Amino acid sequence: MTDASIPHRLDRTRADLSEFLRLRRERLRPTDLGLPAGGRRRTPGLRREEVAALAGVGLAWYTWFEQGRNISVSATFLENLARVLKLDPAERRHLYLLAHQRPPAEPGRTVCTVPPQVRRLMDDLPARPAYILNLRWDVVVWNAAADHVFGFSAQAPGRRNLLWMLFVAPAMRQVFVDWQAQAPAMLSTFRRDFASAAGVPDIAELVDELEGVSPDFKAWWREHDVHGTCLGVRKLHIEPLGEVAFEHATLSVDESRHLRLVVYAPAPDEPRAEDFARWVQGRTTPMDCSLTTLTDNVN
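Residues numbered from 1 in each chain as written. Predicted model: local features only at pLDDT ≥ 70, side-chain atom pairs only at ≥ 80, totals over all residues. Heavy atoms only, no water.

**Q** Looking at this model, I keep getting lost on the packing of helix 2 (residues 48–55) against helix 4 (residues 75–84). Mind explaining?
**A** A pair of packed helices can be characterised by two numbers: the angle between their axes and the separation between those axes. It is the contact of helix 2 with helix 4, at a shortest axis distance of 9 Å, that shows an interaxial angle of 125 degrees. One way to sum up the angle between helix 2 and helix 4 is to call them oblique. As for the relative orientation of helix 2 and helix 4, their crossing is right-handed in sense. In this structure, helix 2 uses Val51, Leu54 and Ala55 to contact helix 4, whose residues at the interface are Phe77, Asn80, Leu81, Arg83 and Val84. Each residue belonging to the contact of helix 2 with helix 4 can be placed in one class, and the counts come to 6 nonpolar, 1 polar and 1 charged. (Axes fitted to C-alpha atoms, helices over the stretch in contact; angles between N-to-C directions. Helix = DSSP H or I, 4+ residues; strand = E, 2+ residues; numbered from the N terminus. Parallel < 35°, antiparallel > 145°, perpendicular 65-115°, else oblique. Left-handed = near helix turned anticlockwise from the far one by under 90°. Contact = heavy atoms within 4.5 Å. Nonpolar A, V, L, I, M, F, W, Y, C, P; charged D, E, K, R; others polar.)

**Q** Just to check I follow, could you spell out helix 13 (residues 273–280) for this structure?
**A** Given 3.6 residues to a turn, an α-helix orients residues that are three or four positions apart in the same direction. Three or more residues of helix 13 are buried, namely Phe276, Trp279 and Val280. For helix 13, the angular spread of buried residues about the axis comes to 90 degrees, placing them on one side. Of the exposed residues in helix 13, the ones pointing more than 90 degrees away from its buried face are Glu274 and Arg278. Here the buried face of helix 13 lies against helix 7 (144–150), strand 3 (232–238), strand 4 (242–254) and strand 5 (259–266). (Buried < 20%, exposed > 50% of the residue type's maximum accessible area, 1.4 Å probe, protein only. Arc of directions from axis to C-beta.)

**Q** How should the pattern of salt bridges be read in this particular structure?
**A** Counted by the stated rule, this structure contains 16 salt bridges. Among the salt bridges present, the one from Arg22 reaches Glu26, with a minimum N-O distance of 3.1 Å. Residue Arg22 and its partner Glu26 are both found in helix 1 (residues 5–26); the two are separated by 4 residues, about one turn of the helix. Arg136 is paired through a salt bridge with Asp138; the nearest N and O atoms lie 2.8 Å apart. (Salt bridge = Lys/Arg side-chain N within 4 Å of Asp/Glu carboxyl O.)

**Q** I tried to follow the sheet that holds strand 4 on my own but got confused; where do I start?
**A** Across a sheet, strands are paired by hydrogen bonds formed along the backbone, either parallel or antiparallel in direction. Here 5 strands make up an open sheet; going across it, the order is 2-1-5-4-3 and the pairing antiparallel. Edge strands, defined here as strands with exactly one partner in the open sheet, are strand 2 (139–142) and strand 3. For this sheet, the mean inter-axis angle between neighbouring strands, taken without regard to orientation, is 35 degrees. With 3 bridges connecting them, strand 1 (residues 130–133) and strand 2 associate as antiparallel partners. Bridge pairing links Ile132 to Val141 in strand 2. Each of strand 1, strand 2, strand 4 and strand 5 is contacted by helix 6 (residues 116–123), which is oriented at about 150 degrees to strand 1, the strand it contacts most. (Pairing = 2+ DSSP bridges.)

**Q** What is the right way to read the pairing of strand 1 from this model?
**A** On a regular strand, each side chain points to the face opposite its neighbour's, so the side chains alternate between the two faces of the sheet. Where burial is concerned, the two faces of strand 1 agree: the one with Ala130 and Ile132 and the one with Tyr131 and Leu133 are both buried. Across 4 bridges, the pairing between strand 1 and strand 5 is antiparallel. From the neighbouring strand, Ile132 faces strand 5, where its bridge partner is Leu261. A loop of 5 residues connects strand 1 with strand 2, the two strands running antiparallel in sequence, and Trp137 in this loop sits at a positive phi of about 70 degrees.

Printed below as a string of structure tokens:
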């Protein structure tokens, strides 16, 4: 993009912002916001002065903003405006992108529901261990291959949490080759999610509980190391096969709900890849998502 094209792009963005705000204002009725209906109006919806008053700004300033003039706005104002205009999450994000040129901070939430099509996708990977984590790192759902490798269904519903299993369940320690290096690296990745979940009590409770039962967790957690998303090659101990090298990746399933899909695939040069595929498909285990102790906070 050339410098000369930037003003034209900004002009289009401001025009889109102006039209978006006008249409969202006009779709509301005064009674939707507890205002008196009043008499007949020349235009449908709320008046600018009503939106300005409810959003806590002056009429002239709001008029300039709705007209798409080049003025700076705060996140607090945009949150107030989204509330007044009754924007849904997608509309709120659109408002931020038009006004701030960047998305808003998404509130941290712990959810445990997954769209059916994502479950079907995981089932279509019979030789690829795959599971979905929420912001708390609860293992929300998994396929049969992941259950063969990690034993999620053997855990009590309230303990199907990757961190808990990693630091408390002896069987999980045996799965990860070089656990002393892998565990702190994974924990440092979790710290990023912990920061995103400020104010979510069940995540803080998980950290407090782990500090009380795992000296390793407590020591590494207090080092405050932070890494990006874990990618690359990881060796797992598969009981009948020995060490098997896997490539692993984390993919976003639903960014607004902080759901991520983790997939393992034998490395291209792994000599036991075919043996693993035969082993992992040798028996079937139904997928389970009975996190009975979690609360689904989806509205």
